[in-house]
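Residue strings, one per chain:
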Amino acid sequence: MENETSLDIDIDFMKTLSVLYVEDEEETRELLARFLERRIGVLHTAANGQEGARVFAEHHPDVVVTDIKMPVMDGLEMAASIKSSTRDVPIIVITAYSEQDYFIRAIEIGVDRYVIKPVNTDTLLGAIYKSAKAGAQARELEHARQTVIETLEQTIAVVSRAIESRDPYTDGHQKRVSLLSVAIAEEMGVTPETVTGIRLGSLVHDVGKIRIPAEILTNPRRLSTVEMDIIKTHSQAGYDILAGAKFPWPVARMVLEHHERMNGSGYPNGLAGEQICLEARIICIADVVESMASFRPYRPALGIERAVEEIRMNRGSLYDENAVDACIKVLEKSDYKFWD
Ligand SMILES: [Fe+2]
Ligand SMILES: [Fe+2]
C-alpha cells in the first residue's frame, strides 16, 4: 500500500474507467459520487460491503474504492472476497487515522492503496489513476507476453509438421503426443508455465529424426539392430539442434531425455529416476501411448488398451508412477478415445 501525492492525470484515460465506490454514509457517498462522476467513465455506488460485492460481480469495474467500517459487511471483508476471485483489480480503502488497526489486515488481503479521511478529492483521484494505470500496464505486458508465446508455439508447430512431412507414417505424432502430454501435466497439477514448456517440447521431441535417412524411418520391415541404433541417435541429434536456442523452458533437455527410463534402461545416457527431468518423464509416457495406439510401417496399431496395459505394467520401473496414474485418468475421462 502507498499513499498518494498529487500528480498529472491523463483525463482521457480516466474517462475510460469504471469505478465502484462503496460508502455507507449517504451524504459522503453522494458528495464524492458527484465529484467522481464528472471525472471518470462509469461510476457504480453501493452502501455496504455486501451490496458492493454484488455490484462488483455484476459490472467488473476497473477499480474499487471503499470505506472500511460499514454495516452488513465491512469494506475489508468485501475486499477479501473480491481479491479471492480476481487478484488484479486494484482496491483503494478510505480510512481514518483512528482505524490503523485495520492496516495489517488490509495488507494481508492485498489492498493496493489507502486514502486518509477526511478525503482530499485530488488525492483520491490520483490514487484511482495510479492504480488503474498500473493495472492497465500489467495487462498490456501480460498480453504482449502471451502474443510472444503464441507466435513461438505457431513457429514450433510449423517446424513440427516439417519434420513429420518426411515420414508420412508418423504424421501428426508429435501433435498428438503434445496434446496428451499437456493433459497429463495438467492432471498432475504442474504450473501453467511448465505446461507451456511441455506443450512446446513435446511438439518437437523427435526433431532429431531430421538426421535419420528417410528409408530407415519409412522401412516397412522390422528394423535391424544397426537401424535401431541409428534411430536411437535422434534424441542426441534433437538436443544438438535445439541446444543453442534460448527457450525459457528446458526444451532441449526434454528432447534429449524423452527415451530415458526410470530404471536407467533408456537412452542415450541411461539416466534414472529424478535424473530425468519431469517434462521428459511426462512426454515419454505420451510418446509410448501414442506410438502403440498408432499404425507403424512395420506393424498395425496395437490399440490404446494395449498401450495402457504397457504403462500400467511398467509403472515405476520404466515409467514415472505419477505420470502413469495421470495418463490413465486422462484416458479414462475421454473413454479411451483421446484422439478421436
Ligand atoms: Fe523419439
Ligand atoms: Fe516420438
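Residues numbered from 1 in each chain as written. Chains lettered and ligands numbered in written order. Predicted model: local features only at pLDDT ≥ 70, side-chain atom pairs only at ≥ 80, totals over all residues. Heavy atoms only, no water.

### Thoughts on the coordination of the iron ion (ligand 2)
Now for step 1: Within the protein, the iron ion (ligand 2) binds to His173 (NE2), His205 (NE2), Asp206 (OD) and Asp287 (OD); these donor distances fall in the range 2.2 to 2.3 Å.
Now for step 2: Given four donor atoms and angles of 77 to 172° at the metal, the environment of the iron ion (ligand 2) is assigned as irregular.
Now for step 3: Linear spacing of the donor residues for the iron ion (ligand 2) on their chain is H-x31-H-D-x80-D.
Now for step 4: A separation of 3.5 Å is found between the iron ion (ligand 2) and the iron ion (ligand 1), which are bridged by Asp206. In this pair, His173 sits in helix α7 (residues 173-188) while His205 sits in the loop between α8 (192-203) and α9 (214-217), placing the two residues 32 residues apart along the sequence. Like His173, the residue His205 is buried in the burial classification. (Donors = N, O, S within 2.8 Å, 3.2 Å for Na, K, Ca; no water. Tetrahedral: all angles 85-135°; square planar, octahedral: opposite > 155°, others 65-115°. Helix = DSSP H or I, 4+ residues; strand = E, 2+ residues; numbered from the N terminus. Buried < 20%, exposed > 50% of the residue type's maximum accessible area, 1.4 Å probe, protein only.)

### Thoughts on empty space enclosed by the protein
Now for step 1: Under the definition given, this model contains one cavity of 30 Å³ or more.
Now for step 2: Considering only enclosed or pocket space, the largest cavity measures out at about 90 Å³ in volume.
Now for step 3: What lines the largest cavity is Ile163, Glu164, Arg166, Asp167, Thr170, His173, Gln174, Asp206, Lys209, Ile210 and Leu217.
Now for step 4: Contributions of two or more residues to the lining of the largest cavity are made by α6 (121-164) and α7. (1 Å grid on protein atoms, 1.4 Å probe; cavity = no way out; pocket = protein on both sides within 12 Å on 5 of 7 lines; lining within 4 Å. Points joined across faces, edges and corners; volume = space filled by probe spheres on them.)

### Brief notes about the coordination of the iron ion (ligand 1)
Now for step 1: For the iron ion (ligand 1), the full set of protein donor atoms is Asp206 (OD), His234 (NE2), His258 (NE2) and His259 (NE2), and the range of their distances to it is 2.1 to 2.3 Å.
Now for step 2: Coordination geometry of the iron ion (ligand 1): the four donor atoms subtend angles of 82 to 172° at the metal centre, consistent with an arrangement described as irregular.
Now for step 3: For His234, a relative accessible area of 1% gives the class buried.
Now for step 4: Take His258: its relative accessible area is 0%, and that puts it in the buried class.

### Some remarks on the nonpolar core
Now for step 1: Counting 49 residues, the largest nonpolar core has Leu180, Ile184, Ile285, Val289, Ile311, Tyr319 and Cys327 as its most contacted members.
Now for step 2: Broken down by secondary-structure element, the contributors of at least two residues to this core are α6, α7, α8, α12 (251-257), α13 (278-293), α14 (304-313) and α15 (321-333).
Now for step 3: A per-element tally of this core places α13 first, with nine residues.
Now for step 4: With near-sequence residues (within four places) excluded, Cys327 lies in contact with Leu180, Ile184, Ile285, Val289 and Ile311. (Core = buried A, V, L, I, M, F, W, Y, C linked by side-chain atoms within 4.5 Å. Contact = heavy atoms within 4.5 Å.)

### Details of helix α3 (residues 49-59)
Now for step 1: Listed as buried for α3 are Gly49, Gly52, Ala53, Val55 and Phe56. Looking straight down α3, one finds that the buried residues subtend no more than 165° of arc, so they occupy a single side. Exposed side chains of α3 directed beyond 90 degrees from the buried face belong to Arg54 and Glu58.
Now for step 2: The distance from a side-chain oxygen at the start of α3 to the backbone nitrogen of Gln50 is 3.0 Å, and the residue carrying that oxygen is Asn48.
Now for step 3: Immediately downstream of α3, the backbone of His60 shows phi near 45°, a positive value. (Arc of directions from axis to C-beta. Polar contact = N/O pair within 3.5 Å; in protein donor to acceptor, adjacent residues only side chain to side chain.)

### Section: the pairing of strand β5 (residues 113-116)
Now for step 1: Side chains Arg113 and Val115 project from β5 onto one buried face, and the interleaved Tyr114 and Ile116 project onto a second face that is buried too.
Now for step 2: Sheet topology note: the strand β4 (residues 91-95)/β5 ladder contains four bridges and is parallel. Counterpart to Ile94 in the pairing with β5 is Val115.
Now for step 3: Chirality of the crossover, the property in question, places the unit of β4, helix α5 (residues 102-109) and β5 among those that are right-handed. (Pairing = 2+ DSSP bridges. Right-handed = clockwise from strand over helix to strand, strands pointing away.)

### Quick look at the pattern of salt bridges
Now for step 1: Scanning all chains against the criterion turns up 14 salt bridges.
Now for step 2: For Arg253, the salt bridge identified is with Glu257, shortest N-O distance 2.8 Å. With Arg253 and Glu257 both in helix α12 and four residues apart, the pair spans about one turn of that helix.
Now for step 3: On the basis of relative accessibility, which here comes to 35%, the residue Arg253 falls in the partly exposed class.
Now for step 4: By relative accessible area, Glu257 is classed as buried at 5%.
Now for step 5: Across the pair Asp320 and Arg281 runs a salt bridge, and its minimum N-O distance is 2.7 Å. Residue Asp320 is located in the loop between α14 and α15, and its partner Arg281 is located in helix α13; the two are separated by 39 residues in the primary sequence.
Now for step 6: Its relative accessible area of 8% is what places Asp320 among the buried residues.
Now for step 7: Looking at Arg281, the relative accessible area reads 11%, which means it is buried.
Now for step 8: The structure contains a network of salt bridges with shared partners spanning Glu142, Arg145 and Glu193. (Salt bridge = Lys/Arg side-chain N within 4 Å of Asp/Glu carboxyl O.)

### With respect to the packing of aromatic side chains
When we look at a pair of aromatic rings, we describe it by the centre distance and by the angle of the planes.
Now for step 1: Summed over all chains, the structure comprises two aromatic pairs.
Now for step 2: Here the aromatic rings of Phe13 and Tyr129 are separated by 5.9 Å at their centres, their planes lie at 80°, and the arrangement is edge-to-face. Of the two residues, Phe13 is situated in helix α1 (residues 11-14) and Tyr129 in helix α6; the sequence distance between them amounts to 116 residues.
Now for step 3: On the numbers, 5.5 Å between centres and 85° between planes, the contact of Phe338 with Trp339 is edge-to-face. (Phe/Tyr/Trp six-rings, centres within 6.5 Å; stacked < 30°, edge-to-face > 60°.)

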